[in-house]
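Overview (structure and organization)
Below are the chains, spelled out letter by letter.
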Amino acid sequence: VTGAFSSGDRVRCTFAEKILEGTYITERDGMAVVKMDSGYNIGVPFTACTLVEHLPVIPVKGAAVVQDPSLPPLSIVSTGGTIASRIDYRTGAVTSQFDADDILRAIPGLEKIANFRTRVLYTILSENMTPQIWQELARAVYEEIRQGAQGVIVTHGTDTMAYSAAALSFMLDTPVPVIFVGSQRSADRPSSDNVMNALCSASAAVSPLGEVAVAMHETSSDDCCAIHRGTRVRKMHSSRRDAFRSLAIPPIGRVEYPSLDVTLSQDAVCRRETEPALQDALEDRCGLLYFYPGMPAGVLDAFSGMRGLVIAGTGLGHTSTVLIPGIRELIDGGTTVVMTTQCLFGRVCDRVYDTGRDRLRAGVIEGEDMLPETALVKMMWVLGNEQDAEKAGAMMAQDLRGELSRRSV
Amino acid sequence: MTDYQALGLKAGIEIHQQLNSGEKLFCACPTVLRKFEERSGEFSRYLRATVSEMGEIDRAAKEEMMVLRKFCYYAYDTCCLVEYDEEPPAPLNREALEICLTIAKMVGMTPVEQVHTMRKLVIDGSNTSGFQRTALVAMNGTLPNGGSIDTLCLEEEAAQRVEGDTFSLDRLGIPLVEITTSPCMRTPEEVFTVAEYLGMVLRSTGRVKRGLGTIRQDVNISIREGARVEIKGVQELDLIAEVVRREVERQQNLLRIREELRGRGAQVDPAPVDVTPVFAGTSSSILKKAKKILAVRLPGFAGLVGMEIQPGRRLGSEISDYAKKCGVGGIFHTDELPAYGVTVEEVAKLRETVGAAEADCVVLVAATAERAKCAVEQVIYRSKMALEGVPEETRRMLEGGSTAYMRPLPGAARMYPETDVLPVRIGDDEWEAIAVPELLTARAERFVKEYKMDPAIARQVAYSEYLPLFQEALDRGIPPNLVHRTIFATVKEIGKETGKDTSCLLDPGAMIPVLEAAREGKIAKEAIPDVFRLELEGVPVGEAIARSAPTLSTGDVEAIVRKIVNERKEFVKSKGMASLGPLMGVVMEELRGTVDGKLIAGVLKKEIQAVLKEE
């Protein structure tokens, strides 16, 4: 009898020797989920239910939001994530309708900051991102800036937001702020961080900033968002609001809430009057290997034929001696190998211990103080744009977008 | 006497009882309360109403949203990220569910086959998430008065308000059972009886929390032509009937006011007037501080806004409660003016400015421009409702049993699924395996029958939180009277005498060995307080008993008793066996409780008889 009813149908069920009426919601583990008039859902056997009335589902459409054209033009490019989405509880799916009105209704207060246009690029979970989508995203943001956006907000799932922010940092030379934003606590809860994060991102997007950044909660309180450089940010907690952290450098700015006042650090790159530039080639035949004690040398075979490999090594940038011949083989076969550290904090230095010196002799490039994920994205971009292996190797050890610094402070 | 049946009183109750599970409902934190000063940190958040799965915003939530409030939370080392709304909830606690099923079985309910956890929107700050998680577990039970229990839900307890918009998170997430009856009660006394019965059922499980604040009753009340009003948080059971009586009185008075207003052709002027300049030179501190003062004219309302509708409450208080939702401190109205620093002249000028006649009442709100505008709308809204009668409301109890407005009655729109918690299947096997505990009333009857206990004492014991301790002592063959006196009198006396916290004495480990020692004659019953005193000083129970054991042999006792009796031979001869009582006192004084009274009485009797035989 599964499938006998459609969502929204009025049904009658026999329960506890009583006749109950309610609204059929969905099927769950073979049971009919019925919403009682009290609002509670219960699961009852389909055999206990009969149809009272079929009611068509009437889509709810909110009122239009009036925008102020005198405010600075901003673009919102959406890739998915929960920041302004609505969950359809009947199907369990995240609603895909996502126009300017939807966002402006979901985030009251945005309309006072800027005049928005929106563009839905994707509606995907961020773990399903690919380098191809990063490229499409870079092109979309580039076009928005070309068309006059004085700032771009990219809504993004939080899991891989840091990868995408790093990817755009390399592919796009932007004169205006490109702010990635998301929410850690889903938008369907009154306590969601979506509203504050979105308002702070909009405020950052109209600020004097001129680079790719991430704006997310700085503390567990709703008191301020940190603005992180796209190449230095990392998600450091699976669920907390303040999961995003700048590593190795302090945040490049801060947005107070609810005042939305923006303060930028001296290191922040400022807004310019120049045209944006796009260099969107990526080499996706690159990999990231997390070394662990006892890792068999054969693991490296999986990377043979790849153009690049980032290793997240231990401590100063180490792997076991057992792996060194394999690494040398990879490099001899034309793979660029860059060493980073699992410590996340601190610089790689392969000149201190013997195994390190062996790796250097094998041709491993020290990734300095780059985050492993940033190094991977950078490698895709460098190898996509520079065919000369030696030059590419040199670029990996140079600071291109603030992803690497020569001084550890 | 009010004839409640004639008024068409219908009342139902909702009982909320904290469960004594080891862990919280959706995380592994202990279910313990903390002192505010033990907090390990604070954080602050804002809450916003979200649309339900049906695409609506709950009207009660909407009203809470009139002012965006910043809530502050106290964190503790006994809380985790789940309470802080920084981590998804763990699966529904099975121990709490089992306690709920036990209760459900005790009142003849049917369990839901697949239990779904819902989010009930509550954005008054008492839940960090902005919703309370709740699951309907069972339906359709019976009450001794022939009425029915509609539902039994398993919920998470809310955070406790410290003050204002500050909340303490220790209580958040403690499992709570909510039992909702049908509106099957017809008198205030019947409400009391049903509430008392359900409280007894809950305590019969032995698995619910005890003490102040661990049980709360909400009462749903309506009378004919009135409206359904839900009164939240009646903590003292003794007040519940009074709350009902006062609500009936309030609804009756609101209906009387409605009739009077209709008779007068009263109205509400929908256009508020800015009267800020009228109070330019006022000596009222509240009005002086306000940036904006707005007035609403209520033609035909004079005298009724100030009319008392229940002890300490007027129609004006109701209007004021609505206005407060906008963050203003309250209202002024001309039924109570001049007062609070507002002069006769100012009142006259106010009436003139808004064009109020003698029969009209004028209501004032004073605040920032934005808040005053919001508040004046609320004043108009509530005043219009006075023309309709009784509004449907959620109210909170005030001291004494009167109530204040909290928010509109919530609708189904405030419920939506908790997508982070999977549904739980209650199988037939699980339901069959639930054992039904003996009701406390039955237990008390059994005490009377089996142990010949006094019915009042049996009831006191059965209903007390020390029942398990009592039962354990009985099971070890200790006489009920000794157990009762020790638990309910001796411990209290020691507490009073020493000023120390005696709760440790009520632990079975501290109490049972002492009672056993007394039963076995190792110590005198009279020495029990001495053992307790030592225990309170930190002496381990075994040593405390040893130190309080008698140092006298039976021979010693006989010698002492003989000496006392011989010294009072004249007295013994003149009184005969009646001298036993007075001499008992003398001997006890001499032995200072180190010897059991029964033993002394035996020896004394023998010695007295010996003296009398000398004749």
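Please refer to the structure higher up on the page.
Note that the structure is a prediction, hence the values are computed from the model and not measured. (Residues numbered from 1 in each chain as written. Chains lettered and ligands numbered in written order. Predicted model: local features only at pLDDT ≥ 70, side-chain atom pairs only at ≥ 80, totals over all residues. Heavy atoms only, no water.)

So, on to the overall build of chain A. When helices and strands are tallied, chain A shows 8 helices and 23 strands. C-alpha extents for chain A along the principal axes are approximately 80 × 55 × 35 Å. Evaluated residue by residue, chain A yields a buried proportion of 56% over its 409 residues. Contacts in chain A between residues at least 24 apart in sequence constitute 68% of all its contacts with a sequence separation of at least 6. If you sum the accessible surface of chain A, you get close to 16800 Å²; carbon and sulfur atoms cover 52% of it. Treating the 39 positive side-chain charges of chain A as one cloud and the 49 negative ones as another, the clouds have centres 2 Å apart. (Helix = DSSP H or I, 4+ residues; strand = E, 2+ residues; numbered from the N terminus. Buried < 20%, exposed > 50% of the residue type's maximum accessible area, 1.4 Å probe, protein only. Contact = heavy atoms within 4.5 Å. Areas by Shrake-Rupley, 256 points an atom, 1.4 Å probe, with all protein chains shown as cover. Lys, Arg positive; Asp, Glu negative; His and termini not counted. Charge placed at Lys NZ, Arg CZ, Asp CG, Glu CD.)

On to the overall build of chain B, then. Secondary structure assignment for chain B yields 21 helices and 23 strands. In terms of C-alpha radius of gyration, chain B reaches 32 Å, well past the compact-globule figure of 25 Å for 615 residues. Seen through its principal axes, chain B has C-alpha atoms that stretch 110 × 60 × 50 Å. Taking the contacts inside chain B whose residues are at least 6 apart along the sequence as the reference set, 73% of them involve residues at least 24 apart. Carbon and sulfur atoms make up 51% of the accessible area of chain B, which totals about 26000 Å². For chain B, the distance from the average site of its 80 positive side-chain charges to the average site of its 93 negative ones is 2 Å. (Rg over C-alpha atoms; globule rule 2.2 N^0.38 Å.)

Here we take up empty space enclosed by the protein. Residues and elements named next belong to chain B. Scanning the model with the defined rule gives 5 cavities of 30 Å³ or more in all. Quantified by volume, the largest cavity comes out at close to 110 Å³. Lining the largest cavity are 13 residues, with Val-82, Glu-83, Arg-133, Glu-156 and Leu-172 sitting closest to its centre. Counted by class, the lining of the largest cavity contains 4 nonpolar, 4 polar and 5 charged residues. (1 Å grid on protein atoms, 1.4 Å probe; cavity = no way out; pocket = protein on both sides within 12 Å on 5 of 7 lines; lining within 4 Å. Points joined across faces, edges and corners; volume = space filled by probe spheres on them. Nonpolar A, V, L, I, M, F, W, Y, C, P; charged D, E, K, R; others polar.)

Residue-level contacts link 52 residues of chain B with 40 residues of chain A. Between chain B and chain A, roughly 4000 Å² of surface is buried when both sides are summed, and carbon and sulfur atoms account for 56% of that area. Our count for the chain B to chain A interface comes out at 6 salt bridges. With a shortest N-O distance of 3.1 Å, Arg-241 of chain A and Glu-86 of chain B are connected by a salt bridge. Looking at the side of chain B that touches chain A, the elements that each hand over two or more residues are strand S2 (41-46), strand S4 (110-111), strand S6 (117-121), strand S7 (131-142), strand S8 (148-156) and strand S22 (415-417) of chain B. Broken down by element, the side of chain B that touches chain A gets its largest block of residues, 7 residues, from S7 of chain B. The sheet contact formed by strand S4 (residues 41-45) of chain A and strand S5 (residues 114-115) of chain B spans 2 bridges and is antiparallel. By the bridge assignment, Gly-43 of chain A is partnered in S5 of chain B with Gln-114 of chain B. (Buried area = accessible area lost by both parts, 1.4 Å probe. Salt bridge = Lys/Arg side-chain N within 4 Å of Asp/Glu carboxyl O. Pairing = 2+ DSSP bridges.)

Our next topic: the state of the cysteines. Enumeration over the complete set of coordinates arrives at 1 disulfide over all chains. With no disulfide of its own, Cys-184 of chain B lies 17 Å from the sulfur of Cys-153 of chain B, the closest cysteine sulfur. (Disulfide = S-S within 2.5 Å.)

Attention shifts here to the packing of helix H5 (residues 240-264) of chain B against helix H9 (residues 369-388) of chain B. Residues and elements named next belong to chain B. For the pair H5 and H9, interaxial distance at closest approach is 7 Å and the crossing angle is 90°. Viewed along their axes, H5 and H9 adopt a mutual orientation that is roughly perpendicular. Contacts from Leu-254, Arg-258, Leu-261 and Arg-262 in H5 reach Arg-382, Ala-386, Leu-387 and Glu-388 in H9. For the contact of H5 with H9, the residue count by class is 4 nonpolar, no polar and 4 charged. (Axes fitted to C-alpha atoms, helices over the stretch in contact; angles between N-to-C directions. Parallel < 35°, antiparallel > 145°, perpendicular 65-115°, else oblique.)

Residues and elements named next belong to chain B. In spatial order, the strands read S14-S15-S19-S18; together these 4 strands make up an open sheet with antiparallel pairing. Across the chains shown, the open sheet's two edge strands, defined by having one partner strand only, are strand S14 (273-274) and strand S18 (332-333). Relative to strand S19 (residues 361-367), S18 is paired through 2 bridges, and the arrangement is antiparallel. Following the sheet pairing, Phe-332 is matched in S19 by Leu-364.

As a further point, take the packing of aromatic side chains. In the structure shown here, the tally under the stated rule is 18 aromatic pairs over all chains. When the ring of Phe-5 of chain A is compared with that of Phe-46 of chain A, the centres are 6.2 Å apart and the planes differ by 15°; the resulting orientation is stacked. Taken together, the positions of Phe-5 of chain A in the segment before strand S1 (10-15) and Phe-46 of chain A in the loop between S4 and strand S5 (49-53) put the pair 41 residues apart, joining distant regions of the chain. With respect to class, Phe-5 of chain A is no different from Phe-46 of chain A; both count as buried. Consider the rings of Tyr-466 of chain B and Phe-488 of chain B, whose centres lie 6.3 Å apart with planes at 70°: the pair is edge-to-face. Of the two residues, Tyr-466 of chain B sits in the loop between helix H12 (455-463) and helix H13 (467-475) while Phe-488 of chain B sits in helix H14 (residues 480-498), which places them 22 residues apart along the sequence. We classify Tyr-466 of chain B as partly exposed; its relative accessible area is 26%. With relative accessibility at 16%, the residue Phe-488 of chain B sits in the buried group. (Phe/Tyr/Trp six-rings, centres within 6.5 Å; stacked < 30°, edge-to-face > 60°.)

As a further point, take the sheet that holds strand S20 (residues 286-290) of chain A. Residues and elements named next belong to chain A. Across the sheet, which stays open at both edges, the 4 strands sit in the order S20-S21-S22-S23 with parallel pairing between neighbours. At either margin of the open sheet sits one strand with a lone partner, and together these are S20 and strand S23 (365-366). Here strand S21 (residues 308-313) runs beside strand S22 (residues 336-341); their pairing, made up of 6 bridges, is parallel. Looking at S22, one finds that Leu-309 is bridged to Val-337.

Our focus in this paragraph is the pattern of salt bridges. Residue and element names in this part refer to chain B. For the coordinates displayed, the defined rule picks out 78 salt bridges over all chains. A salt bridge links Glu-260 to Arg-264, with the nearest nitrogen and oxygen atoms 2.9 Å apart. Remark: Arg-264 and Glu-260 occur in helix H5; sequence separation between them is 4 residues, near one turn of the helix. Overall, Arg-264 belongs to the partly exposed group, its relative accessible area being 36%.

On to the environment of Val-137 of chain B. Looking at the element boundaries, Val-137 of chain B is found in strand S7. Residues in contact with Val-137 of chain B, not counting those within four places in the same chain, are Leu-97, Cys-100, Leu-101, Thr-110, Pro-111, Val-112, Val-115, Leu-152, Cys-153, Leu-154 and Ile-426 of chain B.

All names here are of chain B. Running from N to C, helix H11 (residues 440-451) and H13 point in directions that differ by 30°, and their axes come no closer than 13 Å. Considering their axes alone, H11 and H13 lie roughly parallel with respect to each other. In this structure, H11 meets H13 at a crossing whose hand is left-handed. Counting all contacts with H11, which are made through Leu-440, Arg-443, Arg-446, Phe-447 and Tyr-451, the residues of H13 involved are Leu-467, Phe-470, Gln-471 and Leu-474. Among the residues forming the contact of H11 with H13, the class breakdown is 6 nonpolar, 1 polar and 2 charged. (Left-handed = near helix turned anticlockwise from the far one by under 90°.)

What is shown is where atoms sit, not what they do.
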